[in-house]
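# Chains, contacts and geometry: an overview
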Amino acid sequence: MSRKWFAWLIVASCLFIFINTGCSPPTTAAEATASPSRTPRPPTSTTYPPTATLTLTSTPTLTATRTPTPTRRPPVTRTRRPTPLPPGRIAFVRITSTGTDIWVMNDDGSAETRLTSAGWNEKPEVSPDGSRIVFSSSPEIERSNVDIYTINADGSGLARLTDAPETDTFPQWSPDGSKILYTSGSEIYVMNADGSGKTNLTRSAASEYFGFWSPDGTKIVFTARSDGNEEVYVMDADGSGRINLSNAPGMDSVVDHPWSPDGSRIVFDSDRTGNSEVFVVNVDGSGLTNLTNHPASDWAPKWSPLGGRIAFLSDRAGTEIYLMNPDGSEVNRLATIPCGEFSTEWSPDGSRIAFACDRDGNNDIFVVNLSNHIPMKLTTDPASDVAPSWSVR
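If you're wondering where the values come from, they're calculated on a predicted model, not measured in any experiment.

The next point concerns the environment of Val134. Following the sequence through the fold, Val134 ends up in strand β5 (residues 132-138). Between the C-alpha atom of Val134 and that of Phe170, which follows or precedes it by 36 residues, the distance is 9.5 Å. For Val134, the contacting residues outside a window of four places in its chain are Lys123, Pro124, Glu125, Ile148, Tyr149, Thr150, Pro171, Trp173 and Ile180.

Attention now moves to the environment of Leu334. With respect to the element layout, Leu334 can be found in the loop between β23 (332-333) and β24 (343-346). Along the primary structure Leu334 and Pro375 are separated by 41 residues, whereas in three dimensions their C-alpha atoms are 9.1 Å apart. Setting aside anything within four residues of it in sequence, one finds Leu334 in contact with Ile321, Tyr322, Leu323, Ile353, Val368, Leu370 and His373.

A few words on the pattern of salt bridges. Scanning the model with the defined rule gives 16 salt bridges in all. One salt bridge connects Arg242 with Glu208, and the closest N-O pair in it is separated by 3.3 Å. With Arg242 in the loop between β14 (229-236) and β15 (243-244) and Glu208 in strand β12 (residues 207-213), this pair connects stretches of sequence that are 34 residues apart. A relative accessible area of 33% means that Arg242 is categorised as partly exposed. We note a salt bridge from Asp236 to Lys219, for which the minimum N-O separation is 2.7 Å. Of the two residues, Asp236 is situated in strand β14 and Lys219 in strand β13 (residues 219-226); the sequence distance between them amounts to 17 residues. You can call Lys219 partly exposed: its relative accessible area is 28%. Here the residues in one salt-bridge network are Arg94, Glu112, Asp381 and Asp385, joined through shared partners.

This brings us to the packing of aromatic side chains. Under the defined criterion, the tally for this structure stands at 8 aromatic pairs. Arranged with centres 4.6 Å apart and planes meeting at 85°, the rings of Phe170 and Phe210 form a pair that is edge-to-face. Taken together, the residues span a long stretch of sequence, with Phe170 in strand β8 (residues 168-173) and Phe210 in strand β12 at a distance of 40 residues. Both rings, one in Phe268 and one in Phe279, keep their centres 5.9 Å apart while their planes meet at 20°; by these two values the pair is stacked. In this pair, Phe268 sits in strand β17 (residues 265-270) while Phe279 sits in strand β18 (residues 277-282), placing the two residues 11 residues apart along the sequence. As far as the burial class goes, Phe268 and Phe279 line up, both buried. A connected cluster of aromatic rings, assembled from ring pairs, spans Phe170, Tyr209 and Phe210. Its guanidinium or amino end placed over the ring of Trp103, Arg94 lies 4.5 Å from that ring's centre, counting from NZ or CZ. If you follow Arg242 out to its NZ or CZ, it ends over the ring of Tyr233, 4.9 Å from the centre.

Parameters at a glance
- Residues numbered from 1 in each chain as written.
- Predicted model: local features only at pLDDT ≥ 70, side-chain atom pairs only at ≥ 80, totals over all residues.
- Heavy atoms only, no water.
- Helix = DSSP H or I, 4+ residues; strand = E, 2+ residues; numbered from the N terminus.
- Contact = heavy atoms within 4.5 Å.
- Salt bridge = Lys/Arg side-chain N within 4 Å of Asp/Glu carboxyl O.
- Buried < 20%, exposed > 50% of the residue type's maximum accessible area, 1.4 Å probe, protein only.
- Phe/Tyr/Trp six-rings, centres within 6.5 Å; stacked < 30°, edge-to-face > 60°.
- Lys NZ or Arg CZ within 6 Å of the ring centre and 35° of its normal.

Laid out in structure tokens, this is it:
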């Protein structure tokens with residue numbers, strides 16, 4: 001082998017060793033001659049880190065998982081709260097040749113709104129919060145089947161609460177608005193405001209009607225008729241503890257708002273003296289007193305919301321509204337407006353009285369202010385307007 005091939009063999013071997021062991025190739029003679037003279041450094045011992053071992057593992061299998069579809073919540077049904085009648089609105093009944101309907105208006109006679117539109121509807125009472133009106137109704141003008149209904153103050157949400165063969169009428173809200181008192185046939189019932197929980201409170205051989213809650217809702221005063229004799233009774237709200245308050249021969253009865261504001265006394269009318277008079281009695285039956293004691297007939301007493309006055313009707317100079325103190329003193333005529341038929345209602349603040357009067361040939365709604373005794377006519381419709389009921393008692 002020639003020297004040339006031998007030299008190339010040495011170079012190739014060194015390169016092989018260099019690649020595998022890291023040694024340096026030898027310096028050729030030419031390179032040594034060209035390089036300047038220098039002191040060689042001692043060899044450096046180089047330590048290499050251990051070679052890392054790569055271990056291959058099988059690629060993990062990716063399993064596609066379907067994302068669960070979220071459960072959709074059922075849509076939320078929001079019940080619209082009925083808009084209450086603002087203070088100063090009056091509900092009333094309008095009678096036409098085709099039937100009677102419940103209407104509302106402002107206390108100045110403006111913004112008349114019709115709430116019902118069929119049959120015979122009467123005796124509206126506004127709930128304590130002003131949001132609902134309870135009334136008795138029959139689909140026929142002949143009043144063949146009268147039941148209790150409620151309706152929102154804006155005319156929506158008509159609901160039938162009773163469905164009995166007897167006539168259901170004279171509905172009254174409890175002071176907290178949770179219950180309704182009413183007369184069914186010849187008995188007094190109570191039910192929840194939604195019509196559930198109907199309960200007969202009287203259950204006697206007599207005919208009982210005209211039930212009215214005490215201001216705190218714990219007692220009920222009513223009229224009972226037996227053997228041609230009417231008496232005024234009071235009982236607990238559950239029908240127990242009946243007490244005869246009038247206890248005399250003749251006709252004794254209560255009308256709207258007979259309770260004193262503190263619930264201690266009750267006013268009623270009685271003909272025990274030979275003509276109708278206004279009496280007051282304590283809730284336990286004591287202290288019976290004739291407040292009017294007049295030769296004329298006095299009837300339909302109603303206690304004012306503030307308790308300082310009692311309004312009543314009298315025919316002393318034609319049928320008119322009179323006022324007196326709770327002890328019967330300071331009797332005076334509220335307004336000179338003779339009427340053949342009346343239905344009166346105190347305003348919530350006790351400053352005015354709304355009433356129906358047929359002064360002009362048919363019944364219209366009037367309001368009179370106690371400060372000036374001047375009546376103001378609110379309705380002028382050719383129909384007959386009766387039974388006013390203020391939005392807040």
